[in-house]
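Summary of structural features
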Protein chains: 2
Amino acid sequence: MTARVLVVDDLAPNVKLLEAKLRAEYFEVITALGGREAIELARTQSPDIILLDVMMPGIDGFETCKLLKEDPLTRHIPVVMVTALDQRSDRIAGLEAGADDFLTKPVQDLALFARVRNLSRLKQMTDELRHRHAQGAQLGAIETPKIEDVEREIGEVIIISDRPVIEGLENDSESLLSGINFSYQNDSRELLDRIRTDLPDMIMVDLGLESYDPLRLCSAIRSAEGSRLLPLLAIADQEDTRRLVKALDIGVNDYLMRPIDVQEMAARVRTQLRRKWYVEHLRDSLSQSLELAVLDGLTGIYNRRFLQSQLPRLLTKAVKRELPLSVMILDVDFFKAVNDTYGHDVGDAVLREIGHMLHFSLRGMDLACRYGGEEFVVVLPETPREGSEVIAERLRKEIAGLQIDAGNGQSFSVTVSIGMAFFDGTSREETPASLLKRADEALYRAKEGGRNRVILEAA
Amino acid sequence: MTARVLVVDDLAPNVKLLEAKLRAEYFEVITALGGREAIELARTQSPDIILLDVMMPGIDGFETCKLLKEDPLTRHIPVVMVTALDQRSDRIAGLEAGADDFLTKPVQDLALFARVRNLSRLKQMTDELRHRHAQGAQLGAIETPKIEDVEREIGEVIIISDRPVIEGLENDSESLLSGINFSYQNDSRELLDRIRTDLPDMIMVDLGLESYDPLRLCSAIRSAEGSRLLPLLAIADQEDTRRLVKALDIGVNDYLMRPIDVQEMAARVRTQLRRKWYVEHLRDSLSQSLELAVLDGLTGIYNRRFLQSQLPRLLTKAVKRELPLSVMILDVDFFKAVNDTYGHDVGDAVLREIGHMLHFSLRGMDLACRYGGEEFVVVLPETPREGSEVIAERLRKEIAGLQIDAGNGQSFSVTVSIGMAFFDGTSREETPASLLKRADEALYRAKEGGRNRVILEAA
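Residues numbered from 1 in each chain as written. Chains lettered and ligands numbered in written order. Predicted model: local features only at pLDDT ≥ 70, side-chain atom pairs only at ≥ 80, totals over all residues. Heavy atoms only, no water.

1. Structural notes on the UniProt feature "domain: GGDEF" (unreviewed entry) in chain A
Following the UniProt record, one finds the feature "domain: GGDEF" (unreviewed entry) at residues 323–459 of chain A. In the segment residues 323–459 of chain A, helix accounts for 44% and strand for 26%; the C-alpha atoms at its two ends are 16 Å apart. (UniProt positions renumbered as here; feature names shortened; annotations may be inferred. Helix = DSSP H or I, 4+ residues; strand = E, 2+ residues; numbered from the N terminus.)

Structure below.
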């Protein structure tokens, strides 16, 4: 794979050196000689990854990283800090500024390419999601996330290891690791079973694991659809770089070297958790905004579009499993008079109250939607004829019992007429349209018959 | 990277051999001994790629591939056909069945891993998009695409080469290549400039290119954000496999070996075009469904949610550039009487006609939305005070001139009252809420003053 790499260093020879290495491997390179320029390029040129020198005049690498990670336009871009000395204090400061990784000068080719490939691949996997989300936000269909919307209180981390990573980690109460629940698991098969249904926020795999091939485990986690983007952090011994390179190639997100520094571990784990939560937030808010398209703006229950997509499915399922299904149309009686007497706002309140009542009064499998104007449709799957009639009668009574606030200190009530069609599960000729048509005919008879009643079509 | 590979062959030793090779490189492997089983596993186990033997009893590889590519649940999964002999007829049949690539037995490791990595990476890049789309389709917010929705009539293909690929290709009228417009470009820099603004459907790069490093060109195309997923097909000479492997590693989607067989070329180009159009279709329909969330269901113009997201932006821009901005609220006069006299359907038609008129009568930079009930809001950016008044007056007259069908063969007309607030671009205290409030006050005076008029707040 290739990627667009932004190289930032105040010394031109350093920039040239990294640029040459990267270009020889056919990466695209853009360069900046300082923090401000780097931020500007990151905003306008969409690099896939940023290699950022720590020691620079003006704003240094830490400050640049912090600014990049605070900006919604750039915070998804992985940042690798390049430090002159492999100093613990630098690493901690960098991780606290939000850096995703480190390279030590002189930069080793293998480490460089592995990091660049790995981090840019992860970014590219979520680019599409980020673009759709940005589009939704641009339209106002999605709210732009604030950092605090994305963060969660507790992170669940599973450690796969035969030996303790840090003594007493499970009971650690140091503030560094607060809010992260660590648990050990040394049965890899049990873990693979578990993550099918119950994903933690992150998994740490000890590459010194003896009971199971740790690389195989990483590959299994990474290639399962549910855990494809799950943060995976390797724990390696100093002498085990070959296995580590393979682990990064498989798609491990990050690693820690033994002996493990608790501060570095805390920072790296937090970086991964932030990234995961960010992606989940994008996904969830995109889903919510898709759902807006099938929700009725006034009542908050589903709209006609949703009914049109779901009724055919429910009917197909009923035919396939030979189970009954009823469809009822509820129409508010004398709704025009409500609007005329109390005004449109109170009329809207009537519709909202009914929507609310339907939402809470029906079973999870039932479907209630606002069909338009003062009409609602309810679909009852897997419900026998008598049961459907009982439910319809109950809804009619519950609606008649609603006390609507007239706005002048008074309250009033409304009634509905309900027409219902029943499908016994046997005919193959039934269609969504035929069901709705028969329910509508029954509704007409309910209205003709004096309103405030349920008419179920004749068997 | 890793991937979940489905290996399909009726001979267990063949399955074992491929499985061992792939597992040694830490790919996850699932296996099937026949076409039916393969289809079932593809539907339930979501593999990233399928290695499919051609010669099998029951349904053979071609038929299996065809069925996989016809099924909406599996058609995005790349299929590599494994053939015993490198026969042209097999390749053509496979490509026509929709196969993405071929491997010849005995399978070479290098070719195997390159293909698996390359094809599964491309799939994984669009998985997120596919999942969001599927979710939207499940909700009924997006229609499930039919093959014919995705296909287009013309594919634009640019060939980067110093020499002809196939003689007379530009003027080819063979049915094999019909619907594909090929054009040559031998200036690589010109191409890179062009694709920033005007993307073709596909680019073919001759790896024998002498005027520019062809691998560098592939990398530049692949790492630019706009062309990241653009189909890229390499043209290689038989002796140039090393360069080809590198090209595949960079992210070239497919390749053709010289001398080029026109039938194979047509099939490979079509496979790539189909994949591109499929992804674009997913993206477009996802965008459309996001847009549904900010459109008013009745009138089809923007809704209040959209106004709430855009008005702050427009105001910020006006402040920054010191340009004026006006906001008007339009309210239909005696709307209740319309509903009472002609019924709700005709009332709805009034709102639709007004929405339609606003949509077509305003400039592209203006914003019109249904604010709720019979109220509309129009925002006019960069418009001086007098100009805004002229536009408001014009809208008032145009609405008064609309002939609304009363449904009984008669027609009638309605009027609107308009209240308008003006921001001159200089104050920093102005807010969206203060603008709307002042427009609402002006509207109140328009109503009090006798309706059917425009009131612009005092300067």
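There's plenty left to go through after this.
2. Comments concerning the interface of chain A and chain B
Tallying the contact residues gives 62 residues for chain A and 62 residues for chain B. Its largest share of buried area at the contact with chain B, chain A owes to Tyr26(A), Leu139(A) and Leu290(A), together 14% of the area lost on that side. Applying the counting rule to chain A against chain B returns ten salt bridges. On the surface where chain A and chain B come into contact, there are 27 residue pairs in polar contact (both at pLDDT 80 or more). (Contact = heavy atoms within 4.5 Å. Buried area = accessible area lost by both parts, 1.4 Å probe. Salt bridge = Lys/Arg side-chain N within 4 Å of Asp/Glu carboxyl O. Polar contact = N/O pair within 3.5 Å; in protein donor to acceptor, adjacent residues only side chain to side chain.)

3. So, the relation of the copies chain A and chain B
Least-squares fitting of chain A to chain B yields an RMSD of 0.1 Å, with the transformation described by 0.0 Å of translation along the axis and a rotation of 180 degrees. Both copies are brought into coincidence by an operation consistent with a two-fold rotation axis. When the interface residues of chain A are mapped onto chain B, 100% of them again fall at the interface, so both copies present the same face. (Least-squares fit on C-alpha atoms with pLDDT ≥ 70 in both.)

4. Details of the sheet that holds strand 6 (residues 155–160) of chain A
Sheet strands pair by backbone hydrogen bonding; their relative direction is either parallel or antiparallel. Residue and element names in this part refer to chain A. The sheet built from five strands is open, its strands ordered 7-6-8-9-10 with parallel pairing. Both edges of this open sheet fall to strand 7 (180–185) and strand 10 (254–257), since each of them pairs with a single strand only. Put simply, the sheet's adjacent strands are angled 25 degrees from each other on average, direction ignored. Across the sheet, helix 9 (residues 241–250) is in contact with strand 9 (232–236) and strand 10; its angle to strand 10 comes to roughly 160 degrees. (Pairing = 2+ DSSP bridges. Axes fitted to C-alpha atoms, helices over the stretch in contact; angles between N-to-C directions.)

5. A few points about the sheet that holds strand 5 (residues 101–104) of chain B
All names here are of chain B. Strand order in this open sheet of five strands is 2-1-3-4-5, and the pairing throughout is parallel. Edge positions in the open sheet fall to strand 2 (28–32) and strand 5, since each of these has one partner strand only. Direction aside, neighbouring strands of the sheet carry axes that sit 25 degrees apart on average. Alignment of strand 4 (residues 79–83) against strand 5, held across four bridges, turns out to be parallel. By the bridge assignment, Val82 is partnered in strand 5 with Leu103. Most of the contacts of helix 3 (residues 61–70) go to strand 4, to which it runs at about 175 degrees, and overall it touches strand 3 (49–53) and strand 4.

6. Structural notes on the packing of aromatic side chains
Residue and element names in this part refer to chain A. One pass over the structure, following the stated rule, counts six aromatic pairs over all chains. Measuring from centroid to centroid gives 4.1 Å for Tyr342 and Phe412, while their planes differ by 10 degrees, and the two rings are stacked. Of this pair, Tyr342 sits in helix 12 (residues 335–342) while Phe412 sits in strand 15 (residues 411–412), and the two are 70 residues apart along the sequence. Relative accessible area serves as the criterion here: at 31%, Tyr342 is assigned to the partly exposed category. (Phe/Tyr/Trp six-rings, centres within 6.5 Å; stacked < 30°, edge-to-face > 60°. Buried < 20%, exposed > 50% of the residue type's maximum accessible area, 1.4 Å probe, protein only.)

7. What about the pattern of salt bridges?
Under the counting rule described, the total for this entry stands at 85 salt bridges over all chains. Residue Lys336(B) pairs with Asp340(A) through a salt bridge whose shortest N-O separation is 3.5 Å. Here Lys336(B) is found in helix 12 (residues 335–342), whereas its partner Asp340(A) is found in helix 12 on a different chain. Accessibility expressed as a relative area gives 35% for Lys336(B), which makes it partly exposed. For Asp340(A), a relative accessible area of 31% gives the class partly exposed. In this structure, Lys437(B) engages Glu441(B) in a salt bridge whose closest nitrogen and oxygen atoms are separated by 3.1 Å. One end of the pair, Lys437(B), and the other, Glu441(B), are both in helix 15 (residues 432–448), four residues apart, so they sit about a helical turn from each other. Using a relative accessible area of 54% as the deciding quantity, one classes Lys437(B) as exposed. One continuous salt-bridge network, built from bridges that share partners, spans Arg91(B), Asp101(B), Arg115(B), Asp254(B), Glu264(B) and Arg268(B).

8. Digging into the domain arrangement of chain A
Taken domain by domain, chain A comprises domain 1 (1–135), domain 2 (145–292) and domain 3 (304–456). Taking the mean C-alpha position of each, domain 2 of chain A and domain 3 of chain A sit 49 Å from one another. (Domains from an automatic or database assignment.)

9. Concerning the nonpolar core
Formed by 102 residues in total, the largest nonpolar core has its most connected members in Met204(A), Leu325(A), Met204(B) and Leu325(B). Beyond its immediate chain neighbours, meaning those up to four positions away, Leu325(A) contacts Leu311(A), Leu314(A), Leu315(A), Ala318(A), Val379(A), Leu380(A), Pro381(A), Thr383(A), Ala421(A), Phe422(A), Phe423(A) and Leu435(A). (Core = buried A, V, L, I, M, F, W, Y, C linked by side-chain atoms within 4.5 Å.)

10. With respect to the pairing of strand 16 (residues 416–423) of chain A
Residues and elements named next belong to chain A. Among the eight residues of strand 16, eight are classified as buried, and the element is accordingly described as predominantly covered. Here strand 16 shows no split at all, with Val416, Ile418, Met420 and Phe422 on one side and Ser417, Gly419, Ala421 and Phe423 on the other all buried. Both strand 11 (residues 325–332) and strand 16 contribute to a ladder of eight bridges, which runs antiparallel. Within strand 16, the residue paired with Ser326 across the bridge is Phe422.

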